[in-house]
Structure formats: structure tokens, C-alpha cells
Amino acid sequence: MESVSAVFAGTALALFGTALLVWTGARALHRAPVAHGVSPVASTALTTSFGVVFVGLGVWCFTLV
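In this report, the structure presented in the accompanying data block is examined. (Residues numbered from 1 in each chain as written. Predicted model: local features only at pLDDT ≥ 70, side-chain atom pairs only at ≥ 80, totals over all residues. Heavy atoms only, no water.)

1. Here's the deal with the overall build of the chain
Working step 1: Broken down by element type, the chain carries 2 helices and 0 strands.
Working step 2: Computed over the C-alpha atoms, the radius of gyration of the chain is 14 Å, more than 25% above the 11 Å expected from 2.2 N^0.38 for a compact globule of 65 residues.
Working step 3: The dimensions of the chain, computed from C-alpha atoms along their principal axes, are 45 × 15 × 15 Å.
Working step 4: The buried share of the chain, taken over its 65 residues, is 18%.
Working step 5: Taking contacts inside the chain between residues at least 6 apart in sequence as the whole, the part at least 24 apart equals 77%. (Helix = DSSP H or I, 4+ residues; strand = E, 2+ residues; numbered from the N terminus. Rg over C-alpha atoms; globule rule 2.2 N^0.38 Å. Buried < 20%, exposed > 50% of the residue type's maximum accessible area, 1.4 Å probe, protein only. Contact = heavy atoms within 4.5 Å.)

2. Description of the environment of Val41
Working step 1: Residue position: Val41 is located in helix α2 (residues 40-63).
Working step 2: For Val41, a relative accessible area of 64% gives the class exposed.

3. Some words on helix α1 (residues 2-29)
Working step 1: Spanning 28 residues, α1 covers 40 Å between terminal C-alpha atoms, matching the ideal 40 Å at 1.5 Å per step.
Working step 2: For α1, the set of buried residues is Ala6, Gly10, Ala14, Gly17, Leu20 and Thr24.
Working step 3: Buried residues along α1 sit in contact with α2.
Working step 4: Of the residues flanking the end of α1, it is Arg31, one or two places downstream, whose phi is positive at about 55 degrees. (Expected span 1.5 Å × (residues − 1).)

4. Thoughts on the packing of α1 against α2
Working step 1: Packing of α1 against α2 leaves a shortest axis separation of 7 Å and a crossing angle of 155 degrees. Here α1 is positioned roughly antiparallel relative to α2, judged by the angle of their axes. As for how α1 packs across α2, the hand of that crossing is left-handed.
Working step 2: In terms of residue class, the contact of α1 with α2 is made up of 15 nonpolar, 10 polar and no charged. (Axes fitted to C-alpha atoms, helices over the stretch in contact; angles between N-to-C directions. Parallel < 35°, antiparallel > 145°, perpendicular 65-115°, else oblique. Left-handed = near helix turned anticlockwise from the far one by under 90°. Nonpolar A, V, L, I, M, F, W, Y, C, P; charged D, E, K, R; others polar.)

5. Some words on the packing of aromatic side chains
Working step 1: The tally for this structure, following the rule as stated, stands at 1 aromatic pair.
Working step 2: With 5.0 Å between their ring centres and 80 degrees between their planes, Phe16 and Phe54 make a pair best called edge-to-face. Of this pair, Phe16 sits in helix α1 while Phe54 sits in helix α2, placing them 38 residues apart in sequence.
Working step 3: Of the residues examined, Phe16 reaches a relative accessible area of 44% and is grouped as partly exposed. (Phe/Tyr/Trp six-rings, centres within 6.5 Å; stacked < 30°, edge-to-face > 60°.)

These figures come from the coordinates and say nothing about function on their own.
Spelled out as C-alpha cells, the structure:
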């Protein structure tokens, strides 16, 4: 039963992280702000790092299966 939870969590985390990375990349390519009222470099770097962390956590959950 724990494997079902790990697969669900891994899928959710990996999908969210991938979507976050794709969205950040699209905003950066169009030179659009990633977050309003924040430094563009800081917001892009922070969002990219969180996307990588979420993808990493999703992969880690898949290793628990």
C-alpha cells in the first residue's frame, strides 16, 4: 500500500516541478516577469531552484517503490 502512495506523491511532485520549470522557461524566453514586484534575476533563480527540488523529490519518491 505504501508503493501506491509513493507513486502518487512522485507523480504529483514531478509533474508540478516540470510544469514550474516549463513555465519559468517560457516566461524567461519572452523576457516577461516571473513574479511581479521582485527582481527578475532573483525570481527566476528561486523559481528554477524550486522546480528542480520538486522534480528531485518526485524522482526520490519513485525510488521508494
